[in-house]
Amino acid sequence: MPLTAFALNCSLKASNDREKSSTDRLLADVLAALMQYEVKGEIVRALSHDIKPGVLSDMGEGDDWPKLRKKIPAADIFVLGLPIWLGQPSSVAKRVLERMDAFLDETDDRGRMPAAGKVALVAIVGNEDGAHHCHAECFQALNDVGFTIPANGGVYWVGEAMQEVNYVDLPATPEKVSGAIEMAASNAAHLAGLLKERDYSGVSG
């Protein structure tokens, strides 16, 4: 049974920015690893869309979130990609998570949120410490809105603090990072396949 993935790049760089996005490269590496398990996916840059602040699935006129929101539960695997800033997940990632807060009130007749039965991975880059902290924040939020996090579901690269070499500048993916990506992809594809065949039953009213 074919699986799909949707990756959202929460970089602070717009798609037309002259500087390349390290988050984009890491997400591309994750999707390439998922392809080995016949998981097809796409990467979308959050800043290419006008995501209004708020906690509803549709914040009205000019809000681009509704079309992105449709892609998230439609995929079997959601990959949240983000950079670290000031030791925190990017503000763009936080806005995305805030918009998914609406899932809490969008349950079906068995109490299941839109993300029930869907798997989530988190991919992080940065030139400062904070990857584990950012993973913890994102995993908790994603789990709160219904996603299932697989074992080893977080991948990251953190460069030397305050230096100019970014993940996108590396000539090759470091072995440890590559190994983490491979494991995350394997576990995510395995879990997504199981959940697609037999989703959570939810609870009776």
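Data block above holds the structure.
Residues numbered from 1 in each chain as written. Predicted model: local features only at pLDDT ≥ 70, side-chain atom pairs only at ≥ 80, totals over all residues. Heavy atoms only, no water.

Trainee: What am I meant to see in the overall build of the protein here?
Mentor: Helix and strand content of the protein: five helices and six strands. Secondary structure of the protein in N-to-C order comes out as β-α-β-α-β-β-α-β-α-β-α. When its C-alpha atoms are laid out on the principal axes, the protein stretches across 55 × 40 × 25 Å. Burial status across the protein gives 46% buried among its 205 residues. For the protein, the proportion of contacts with a sequence separation of at least 24, taken over those separated by at least 6, is 78%. Both charge centroids of the protein, one from 20 positive and one from 29 negative side chains, sit 4 Å from each other. (Helix = DSSP H or I, 4+ residues; strand = E, 2+ residues; numbered from the N terminus. Buried < 20%, exposed > 50% of the residue type's maximum accessible area, 1.4 Å probe, protein only. Contact = heavy atoms within 4.5 Å. Lys, Arg positive; Asp, Glu negative; His and termini not counted. Charge placed at Lys NZ, Arg CZ, Asp CG, Glu CD.)

Trainee: How should unusual backbone geometry be read in this particular structure?
Mentor: Trans peptide bonds make up the majority, and among non-glycine residues the majority have a negative phi. Even without being glycine, Glu-38 reaches a positive phi, approximately 60°. Along the polypeptide, Glu-38 turns up in the loop between helix H1 (22-35) and strand E2 (39-45). Owing to a relative accessible area of 64%, Glu-38 belongs among the exposed residues under this scheme. One non-glycine residue with positive phi stands out, namely Asn-152, at about 55°.

Trainee: Looking at this structure, I do not really get the packing of aromatic side chains. What am I missing?
Mentor: What characterises a pair of aromatic rings is the spacing of the ring centres plus the angle enclosed by the ring planes. With the rule as written, the count across this model stands at three aromatic pairs. Here the aromatic rings of Trp-157 and Tyr-167 are separated by 5.7 Å at their centres, their planes lie at 50°, and the arrangement is tilted. You can see Trp-157 sitting in strand E6 (residues 154-158) and its partner Tyr-167 sitting in the loop between E6 and helix H5 (175-197), a full 10 residues away along the chain. Comparing Trp-157 with Tyr-167, the two get one shared label, buried. An aromatic cluster is built from Phe-6, Phe-78 and Phe-147, whose rings are joined through pairwise contacts. We note Arg-25 situated over the ring of Tyr-167; from NZ or CZ to the ring centre the distance is 4.9 Å. (Phe/Tyr/Trp six-rings, centres within 6.5 Å; stacked < 30°, edge-to-face > 60°. Lys NZ or Arg CZ within 6 Å of the ring centre and 35° of its normal.)

Trainee: In this structure, what is going on with the pairing of E6? I would like to understand it.
Mentor: Within a regular strand, side chains alternate between the sheet's two faces. Here E6 shows a buried face lined by Val-155 and Trp-157 and an unburied face lined by Gly-154, Tyr-156 and Val-158. In this structure, strand E5 (residues 119-126) lies alongside E6, joined through five bridges in parallel fashion. Bridging from a neighbouring strand, Gly-126 pairs with Val-158 of E6. Each parallel crossover has a hand, and the one from E5 via helix H4 (residues 131-144) to E6 is right-handed. (Pairing = 2+ DSSP bridges. Right-handed = clockwise from strand over helix to strand, strands pointing away.)

Trainee: What's the story with the side chain of Arg-25 in this structure? I'm lost.
Mentor: If you trace the backbone, Arg-25 turns up in helix H1. Buried within the structure, Arg-25 lacks any salt-bridge partner; its nearest side chain of opposite charge belongs to Asp-29, at an N-O separation of 4.1 Å. If sequence neighbours within four positions are ignored, Arg-25 has contacts with Tyr-167, Val-168, Asp-169, Leu-170, Pro-171, Ala-172 and Thr-173. (Salt bridge = Lys/Arg side-chain N within 4 Å of Asp/Glu carboxyl O.)

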